[in-house]
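# Working through the structure, step by step
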Amino acid sequence: MKWEENVRKVVPYVAGEQPKKQNVIKLNTNECPYPPAPGVQRSADKLNVEALRLYPDPDVTPLVEELAAYYHVSPRQVFVGVGSDDVLSMSFLTFFNSDKPILFPDVTYSFYDVWADLYRIPYETRALREDWSIEPADYAQPNGGVIFPNPNAPTGLYESLETVEKILQANRDVVVIVDEAYIDFGGESALSLLPKYDNLLVVQTFSKSRSMAGLRIGFCIGSEKMIGYLNDAKFSVNSYTMNRPSIELGVEAVRDDVYFKEITGKIIATRERVKKELAELGFTFPDSQANFIFASHKSVPAKEIFQALRQADIYVRYWDKPRINNSLRITVGTDREMDRLVEFLKTYLA
Ligand code: PMP
């Protein structure tokens, strides 16, 4: 068809499977296995349905203010979006607008190249070292911006703030985005570098450590100038991105810091225990600081293990892609779920 020549074509990102079946052990999309904070439930019970006839606050003020207070920054430094995917997508659109390529690792979140293609942003990848770590010198070349997750996905490897700062120092003239979707599971956030770098954007999410993937809340913190530009782009696309329940319930999630620390602590403890058990079963993996483990077995191909697990209703994530096609990304679930995974693997690999 002639009209198709004018279509903006893109190969979309493929999200992890959301199985229709009940009672599966779901360790494939890095969700939190624990419920949201109790205050979120209480607030949901009191939800004012009548108020839904009105548009929500386009500035997302209550949630922006709660996050600003929690992270000790000005509300003018905070931007909230529909999951960090929305925040990242808006950031690509706003900050990556150069003829020079943006740079990101070859093994990383597989949405980055999709947004780059969608927005016609030239990009180049830089190969991670053999041990999956970043070589900062790879990012000290002319570019149109830099983005990387820390901890990285799907490897789980955390780069020290020293490495992050090396990349920032080599990139004073472009925007550097650190995607901290998994930072609450052990790493130290680059938020502490914000006073020194007005071109740094730190992106985080409520989907993992705050157990609210279903509500779709993400946010970023940067200089007031950067957040201003981001809002200009957002208000040029859709003023009312965040719905009323998300704003209200999101505030409750930030308020309950005790619960937040409790569930992230539990996931970290389970992760460290499962690392030992997987190692005993012949798996190797980078030393994850995230809520997942990126594991390869010494003799059995990942694809076979993936299929066997799926047959047993245990869902993990597998990519048939160069460099990572012999690894499984296993989300850290509850202790019971991980026991069942380990029990299955013990029998299967025996
Ligand atoms: N960044 C990374 C590195 C991720 O793995 C994910 C989860 N798919 C996201 C961002 C997006 O998460 P969300 O949109 O749920 O905040």
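Below: a short report on this structure. Keep in mind that this is a model prediction, so the values were computed, not measured.

According to the stated counting rule, one finds 20 aromatic pairs in the structure shown. With centroids separated by 4.2 Å and ring planes inclined at 10°, the aromatic side chains of Tyr13 and Phe111 adopt a geometry described as stacked. Residue Tyr13 is located in the segment before strand 1 (25–26), and its partner Phe111 is located in the loop between strand 3 (102–105) and helix 4 (112–118); the two are separated by 98 residues in the primary sequence. A connected cluster of aromatic rings, assembled from ring pairs, spans Tyr13, Phe92, Phe96, Phe104, Tyr109, Phe111, Tyr112, Trp115 and Tyr123. Geometry around Tyr70 places Arg210 over its ring, the cationic atom sitting 5.2 Å from the centre. In this structure, Lys234 packs its charged tip against the face of Phe235, placed 4.7 Å from the ring centre.

Near the ligand lie 13 residues; those nearest to it are Ser84, Asp179, Tyr182, Thr205 and Ser207. A distance of 3.1 Å is found between a nitrogen atom of the ligand and a side-chain nitrogen or oxygen belonging to Tyr109. Within the side chain of Ser207, one N or O atom sits 2.6 Å away from an oxygen atom of the ligand. In this structure the site holding the ligand corresponds to the largest pocket. Of the residues forming the shell around the ligand, the biggest block, four residues, is contributed by helix 3 (residues 83–95). Taken together, the residues of the shell around the ligand sort by class into five nonpolar, four polar and four charged.

Before going further, it helps to spend a moment on the pattern of salt bridges. Within this structure, the stated rule accounts for 22 salt bridges. Between Arg255 and Glu66 there is a salt bridge whose closest N-O contact spans 3.4 Å. Here Arg255, found in helix 7 (residues 244–255), pairs with Glu66, found in helix 2 (residues 61–71); they are 189 residues apart in sequence, far enough to count as distant. Overall, Arg255 belongs to the exposed group, its relative accessible area being 52%. The closest approach of N and O atoms between Glu124 and Arg126, which form a salt bridge, is 3.0 Å.

Rules behind the numbers
Residues numbered from 1 in each chain as written. Predicted model: local features only at pLDDT ≥ 70, side-chain atom pairs only at ≥ 80, totals over all residues. Heavy atoms only, no water. Phe/Tyr/Trp six-rings, centres within 6.5 Å; stacked < 30°, edge-to-face > 60°. Helix = DSSP H or I, 4+ residues; strand = E, 2+ residues; numbered from the N terminus. Lys NZ or Arg CZ within 6 Å of the ring centre and 35° of its normal. Near = heavy atom within 4 Å. Polar contact = N/O pair within 3.5 Å; in protein donor to acceptor, adjacent residues only side chain to side chain. 1 Å grid on protein atoms, 1.4 Å probe; cavity = no way out; pocket = protein on both sides within 12 Å on 5 of 7 lines; lining within 4 Å. Sits in = over half its atoms within 2 Å of the grid points. Nonpolar A, V, L, I, M, F, W, Y, C, P; charged D, E, K, R; others polar. Salt bridge = Lys/Arg side-chain N within 4 Å of Asp/Glu carboxyl O. Buried < 20%, exposed > 50% of the residue type's maximum accessible area, 1.4 Å probe, protein only.

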